[in-house]
Amino acid sequence: MADRDNEANRFTARAARYARVGANMGGVAARMAGARFFGGDARDASSAAALAQALGGLKGPIMKVAQLLATIPDLIPPEYAAELQKLQSEAPPMGAAFVKRRMQAELGPQWQGRFGFFDLNPSAAASLGQVHRATTKDGEKLACKLQYPDMQSAVEADLKQLEFVFALHRRMDPAIDTREIAKEIGERVREELDYEREARHASLYAAALSDVEDVHVPKVHPELSTRRLLSLQWLEGEKILQFTESPVEIRNRLAVAMFKAWWHPFSHAAVIHGDPHLGNYTVFSEGREARGINLLDYGCVRIFHPRFVGGVVDLYRGLQTDDRARVVHAYETWGFRSLSNELIDILNIWARFIYAPLLDDRVRTVADGVKPGEYGRRQAFEVHKALKEKGPVTVPREFVFMDRAAVGLGAVFLHLRAELNYHRLFEAEIERFSLDGLAQRQAAVLAASGLPIPA
């Protein structure tokens, strides 16, 4: 294989992408600006539908970014979130001949001889790549994720359009300064292009969850992986939504597994899976009964400095004991700056919502009477309304995926109608918590996985 990377961030590929994305987005911007100039509401449902229509004809990273925006409460207006959540992130699959060329580019002309079997038809197609069933020479089942061509150029072009969207958002609705949010989203989406890094993330999670029996992590096959091809052990499972009508003990068991899959690596290694999308995990069974979850995708993983986890614990304890000084210390640890008493009270609206099930020592649902798609929307509206009067506030970049994971996980619990004592589950995860202990554990698992310690 040649050393030259023919799919690096190329100007010609970016230019073509700018033309497709920019034309669609420009029309939406003109519509929104016109509405505002003539006294209308640029946040109304018709403008939201126009944005969804503009993005609906585009595939690849821009779709991933759009859906990401829709899952972060109050980052965009509720009308926009509702429309963007309708979008499908699946791109048209690559045909068999194209797949052969892509595989040859990654593993060389004799690539098929390295597998026992390789299905040229994808089992799943998504925004950045598609998954193929395969087997090793020894017959072990594999899931091979193959990246679409020119994704690096497409990502860079789409992130430029994201900057445009955020700049428009700041001018029309300055309650939340989105600049740090844009940086964080850009960094995470770029990381998702690097399948070698994703392989290291999978190894990290295998270590972090090694003592959690009800969460399975696939084994990486590095000899069949490259920067744009990731071969993982195929984990048999069923979609979690197939269990929403199961007996409550099954639904609760799956919810506990989901809780551990997110909170255990966070509290013990300062990492979090930033994409609790329903397609990123399946349910495995033993003896024909659902026992736990398979965690499948490791592209969107956020590694924190241990002090960020310390801030999460401090905020929890501060709210628990009504210790305002500890609450403020937690916000400042996360990176919030120049907080007035009014801004602290506004942030506490959101904090008390996120932490409510963790602070309540009883068996309960995560939010009584709330639909999964509406989880967090009312509280986000309250925060946004207050910030328009007392803000703006700059949201620290580390907060973005933590917030997204918490809301996405809550929505899963609502789908399952789980009834658990979330307080005791959380207390078990932070029992004997110390920053020094966390830093030592994190350093060990990151070193073993070939990942750097965060600055």
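Per an unreviewed UniProt entry, the chain carries the name AarF/ABC1/UbiB kinase family protein and comes from Microvirga makkahensis. Under the heading Sequence similarities (unreviewed entry), UniProt records this for the chain: "Belongs to the protein kinase superfamily. ADCK protein kinase family."

**A word on the overall build of the chain**
Looking only at helices and strands, the chain has 16 helices and 12 strands in total. Per-residue burial for the chain yields a buried fraction of 56% across its 455 residues. Contacts spanning at least 24 positions in sequence make up 73% of the contacts within the chain whose residues lie at least 6 apart. Element-wise, carbon and sulfur atoms account for 52% of the exposed surface of the chain, whose accessible area totals about 20,200 Å².

**Quick look at the packing of helix H11 (residues 324–334) against helix H12 (residues 341–359)**
Their axes nearest at 11 Å, the elements H11 and H12 cross at an angle of 90°. The orientation of H11 with respect to H12, classified from their angle, is roughly perpendicular. Residues Arg324, Val327, Val328, Tyr331 and Trp334 of H11 pack against Asn341, Ile344, Asp345, Leu347, Asn348, Ala351 and Tyr355 of H12. Class assignment of the residues belonging to the contact of H11 with H12 gives a composition of eight nonpolar, two polar and two charged.

**A closer look at the sheet that holds strand E10 (residues 289–295)**
Taken together, the three strands give an open sheet; going across it, the order is E6-E10-E9, and neighbouring strands pair in mixed fashion. Because the sheet does not close on itself, it has two edges, and the strands there are strand E6 (215–216) and strand E9 (281–286).

**Here's the deal with the pairing of strand E3 (residues 129–135)**
Among the seven residues in E3, five count as buried, and that is most of the element. The pairing of strand E2 (residues 124–125) with E3 spans two bridges and is classified as antiparallel. Bridge pairing in E3 places Ala124 opposite Val131. The sheet contact formed by E3 and strand E4 (residues 141–147) spans seven bridges and is antiparallel. Note on E4: the bridge partner recorded for Val131 is Lys145.

**Some points on empty space enclosed by the protein**
Applying the stated criterion across every chain, the model contains four cavities of 30 Å³ or more. Counted as a void, the second largest cavity has a volume near 130 Å³. Within the residue set of the lining of the second largest cavity, elements represented by two or more residues are helix H9 (248–269), H12 and helix H14 (399–416). Among the elements that make up the lining of the second largest cavity, the one with the highest residue count is H14 (four residues). Of the residues that constitute the lining of the second largest cavity, the class distribution is 11 nonpolar, one polar and no charged.

**Things to note about H9**
Spanning 22 residues, H9 covers 31 Å between terminal C-alpha atoms, matching the ideal 32 Å at 1.5 Å per step. The largest bend along H9 measures about 30° and falls at Trp263, with the proline Pro265 one to four residues further on. Within H9, 17 of the 22 residues are buried, which leaves the element mostly enclosed by the surrounding structure. The first or second residue beyond H9 is Ala270, which carries a positive phi of 60°.

**Thoughts on the confidence of the model for the chain**
Averaged over all residues, the pLDDT of the chain equals 83, while 76% of them reach at least 70. This model gives residues 14–43 a pLDDT under 50, and the stretch forms 59 contacts once residues within four places in sequence are excluded.

**Examining the pairing of E9**
Of the pairings in the sheet, the one linking E9 to E10 comprises six bridges and is antiparallel in character. The partner of Glu286 across the bridge, within E10, is Glu289. Count of turn residues in the E9/E10 antiparallel hairpin: two residues, of which Gly287 carries a positive phi of about 60°.

Here is what the cut-offs are and how they apply
- Residues numbered from 1 in each chain as written.
- Predicted model: local features only at pLDDT ≥ 70, side-chain atom pairs only at ≥ 80, totals over all residues.
- Heavy atoms only, no water.
- UniProt positions renumbered as here; feature names shortened; annotations may be inferred.
- Helix = DSSP H or I, 4+ residues; strand = E, 2+ residues; numbered from the N terminus.
- Buried < 20%, exposed > 50% of the residue type's maximum accessible area, 1.4 Å probe, protein only.
- Contact = heavy atoms within 4.5 Å.
- Areas by Shrake-Rupley, 256 points an atom, 1.4 Å probe, with all protein chains shown as cover.
- Axes fitted to C-alpha atoms, helices over the stretch in contact; angles between N-to-C directions.
- Parallel < 35°, antiparallel > 145°, perpendicular 65-115°, else oblique.
- Nonpolar A, V, L, I, M, F, W, Y, C, P; charged D, E, K, R; others polar.
- Pairing = 2+ DSSP bridges.
- 1 Å grid on protein atoms, 1.4 Å probe; cavity = no way out; pocket = protein on both sides within 12 Å on 5 of 7 lines; lining within 4 Å.
- Points joined across faces, edges and corners; volume = space filled by probe spheres on them.
- Expected span 1.5 Å × (residues − 1).
- Bend = angle between axes of the 7 residues up to and from the residue.
- pLDDT = per-residue confidence, 0-100.

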